[in-house]
Amino acid sequence: MRGERGVHTYREIMGQFAAWEATLNEVLNQKERLKRFLQEEEFEEVVFTGCGSSYYLSLVAAAAFPAITGVRSSALPASEIFLYPERSLMHKGATLLVAISRSGETTETLQAVEIFRERGGEMVLAISCYQESPLVKSASFSLIAREVREKSVVQTGSFSSMLLAAQLCAAIAAGRADYEAELRALPAHGMRVMEESHPFIRRTTEDERYTQFFFLGSGAYYGLACEASLKMKEMSLSQAEPFHSLEFRHGPKSMLSENSLVIALLSDSAMRYEEPLLAELKGYGGQVLVLVESGSKDELGGVDYVISIHSGLSELARGLLFMPPLQLLGYYRAMAKGLNPDRPAHLDLVVRL
Ligand code: F1P
């Protein structure tokens, strides 16, 4: 599969808004069936699992699900579930396992489902892009982002579309029509945010001074920071690390230099604490880029760059809008370094053990 560098990744990043629209229709068409499935068994907790990007998606979903549904949730890499089942699956019978995998073929995720069932677990919800995959075949119910057929090894539109499916699932489980309406508005907002931020992202990422990237987020935005950091790593082979925002003070800030770009995803809940942190980081020589609902550089502690998304949506609905610009950040850094973001070094489309 040769060709121009990055064509697939670029197409998949830019095409994801149509995929979101299709995913919304796909899930909402099954709303009544999904509701019945979720009401079949009284589950007391939800465990989200996956590998790589799909694990980071699990982190976002597990942080958002309790806030929407009131049900306790956690996220674990699939390998941790099958290696340490006694610690990971403590509430036999009362757990909903949500297994997430673009391919539906990743061995660790399949093994996590197997061990869950062996230990008496019954409810498995699969979120994937492929109906005919082994994961979907083994699940009790599935949500498929079937428009997504990525050719790039790196997950972009698949991540955001499957995350949207997970968020819709929370809205449906809780009967939250208000949250569902917010999610329906995302494709239009996504396209607008992308149009507004694209030239800026391209310019910033071509700046060769930046060799080190730190991604900060708290709550549900931490998983997004992890995924954005992984995009930067995989595509551009740059040093990139995610942190819970306030954890950055506890050691990692020592690594800041004039070659660092800190990318902070600000949330309403944590902003009061995150703003002073950004002002502090400015003093250590790095540059700071903030993604936020709205705010100016001065209002945000004198940071260097701001992407304001002006969505009018709640914190948990709007997080998804940060992802396309953050994916582009990795893409353009890779292009500027002469790399091919479609095919990261040593990485395969599916990891089979
Ligand atoms: C998980 C994953 C991807 C990554 C690469 C290797 O895949 O880690 O996130 O981009 O393709 O596998 P999946 O289980 O979501 O298909």
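Residues numbered from 1 in each chain as written. Predicted model: local features only at pLDDT ≥ 70, side-chain atom pairs only at ≥ 80, totals over all residues. Heavy atoms only, no water.

1. Describing the layout of surface pockets
We apply this condition: Definitions used for this entry: grid spacing 1 Å over protein atoms alone; cavity, a set of points where a 1.4 Å probe fits but cannot get out; pocket, an open set with protein on both sides within 12 Å along at least 5 of 7 lines; lining residue, one with an atom within 4 Å of a point. Grid points are joined across faces, edges and corners, and a volume is the space filled by probe spheres set on the points. The helix count covers DSSP runs of H or I at least four residues long, the strand count covers runs of E at least two residues long, and both are numbered beginning at the N terminus. Ten residue types, Ala, Val, Leu, Ile, Met, Phe, Trp, Tyr, Cys and Pro, are classed as nonpolar, four, Asp, Glu, Lys and Arg, as charged, and the remainder, Gly among them, as polar.
Its boundaries defined by the atoms lining it, the largest pocket holds a volume of some 340 Å³. If you go around the largest pocket, you meet 22 residues; those closest to its centre are Cys51, Gly52, Gln155, Leu349 and Val351. The element best represented in the lining of the largest pocket is helix α12 (residues 220–236), accounting for three residues. Classifying every residue of the lining of the largest pocket gives nine nonpolar, eight polar and five charged.

2. Regarding the side chain of aspartate 304
The line we're drawing: Categorising residues by exposure relies on relative accessible area from a 1.4 Å probe, with only protein chains included: less than 20% of the type maximum marks a residue as buried, more than 50% marks it as exposed, and the intermediate range marks it as partly exposed. Polar contacts, as counted here, are pairs of nitrogen or oxygen atoms within 3.5 Å of one another; within protein the pair requires one atom able to donate a hydrogen and one able to accept it, and residues that are adjacent in sequence qualify only if both atoms are side-chain atoms. When checking whether two residues touch, look at their non-hydrogen atoms; a contact exists if any pair is within 4.5 Å.
Tracing the chain through its elements places aspartate 304 in the loop between β9 (287–292) and β10 (305–308). Judged by relative accessible area, which is 16%, aspartate 304 ranks as buried. There is a polar contact of 2.9 Å between the side chain of aspartate 304 and the side chain of lysine 282. Here the side chain of aspartate 304 touches valine 288 through a polar contact of 2.6 Å, landing on its backbone nitrogen. Once residues within four sequence positions are removed from consideration, aspartate 304 is found in contact with Lys282, Gly286, Gln287, Val288 and Lys297.

3. Quick look at unusual backbone geometry
Its identity as a non-glycine residue notwithstanding, leucine 237 has a phi of 50 degrees, on the positive side. Note that leucine 237 resides in the loop between α12 and β7 (239–244). For leucine 237, a relative accessible area of 46% translates into the label partly exposed. Notably, histidine 310 is not glycine yet its phi reads approximately 45 degrees, a positive angle.

4. Some remarks on the nonpolar core
Condition: The nonpolar core is taken to be a set of buried Ala, Val, Leu, Ile, Met, Phe, Trp, Tyr and Cys residues, with the residues joined through side-chain atoms within 4.5 Å.
Core analysis: the largest hydrophobic core is formed by 89 residues, its most contacted members being Phe215, Ile263 and Leu326. With eleven residues, the top contributor of residues to this core is helix α9 (residues 157–174). Once residues within four sequence positions are removed from consideration, leucine 326 is found in contact with Phe215, Ala228, Ile263, Leu265 and Leu291.

5. As for the site of the ligand
Threshold: One heavy atom within 4 Å of a molecule or strand is enough for the residue carrying it to be called near that molecule or strand. All accessibility values rest on the Shrake-Rupley procedure with a 1.4 Å probe; residue burial counts only the protein chains present in the view. Pocket occupancy is defined atom-wise: a molecule lies in a cavity or pocket when more than half of its atoms are within 2 Å of its grid points.
The ligand sits among 14 residues. The nearest are Ser54, Ser101, Arg102, Ser103 and Thr106. For the ligand, an oxygen atom lies 2.6 Å from a polar atom in the side chain of serine 54. Between an oxygen atom of the ligand and a side-chain N or O atom of serine 101, the distance comes to 2.7 Å. Taken by itself the ligand offers 390 Å² of open surface, and the protein chains cover 96% of this. Comparing atom positions with the cavity grids shows the ligand to sit within the largest pocket. Residues belonging to the shell around the ligand are distributed by class as follows: four nonpolar, seven polar and three charged.

6. A look at the sheet that holds strand β5 (residues 141–144)
Note the following rule: Note on pairing: two strands pair once DSSP finds at least 2 bridges between them. Interaxial angle, 0 to 180 degrees, is taken between N-to-C directions of lines fitted to C-alpha atoms, where a helix line uses only the stretch in contact.
Taking strand neighbours across the sheet as the criterion, the five strands line up as β2-β1-β3-β4-β5 in an open arrangement whose pairing is parallel. The outermost strands of the open sheet, each flanked by one partner alone, are β2 (72–77) and β5. Averaged over all pairs of adjacent strands, the angle between strand axes in this sheet comes to 20 degrees, irrespective of strand direction. When strand β1 (residues 45–50) meets β2, the two strands line up parallel, connected through six bridges. The residue bridging valine 47 from the neighbouring strand is serine 74, located in β2.

7. Some thoughts on the packing of aromatic side chains
As a reminder, the rule being used: Pairing of aromatic rings covers Phe, Tyr and Trp, the last counted by its six-membered ring, and requires centre-to-centre distances within 6.5 Å; plane angles under 30 degrees mean stacked, over 60 mean edge-to-face, and any other angle means tilted.
Using the criterion set out here, one finds eleven aromatic pairs in the structure. Judged by centre distance (5.1 Å) and plane angle (80 degrees), the rings of phenylalanine 17 and tryptophan 20 are edge-to-face. On the criterion of helical spacing, the pair formed by phenylalanine 17 and tryptophan 20 is a turn pair, its members being three residues apart in helix α2 (residues 16–29). Taken individually, phenylalanine 17 and tryptophan 20 each receive the classification buried, so the pair is uniform in this respect. Each member of the aromatic cluster is reached from another via a ring pair, and the members are Tyr10, Tyr331 and Tyr332.

8. Focus: the pairing of β5
The alternating pattern of β5 places Phe141 and Leu143 and Ser142 and Ile144 on opposite faces, both of which are buried. The pairing of strand β4 (residues 123–128) with β5 spans four bridges and is parallel. Looking at the pairing, isoleucine 127 lines up with leucine 143 of β5.

9. Description of the sheet that holds β10
Strands in a sheet are paired, the pairing made by backbone hydrogen bonds, and the direction either parallel or antiparallel. If you walk across this open sheet you meet the five strands as β7-β6-β8-β9-β10, and the pairing is parallel. Edge strands, defined here as strands with exactly one partner in the open sheet, are β7 and β10. For this sheet, the mean inter-axis angle between neighbouring strands, taken without regard to orientation, is 15 degrees. Against the sheet, helix α11 (residues 186–205) engages β8 (260–265), β9 and β10, with an angle of about 155 degrees to β10.

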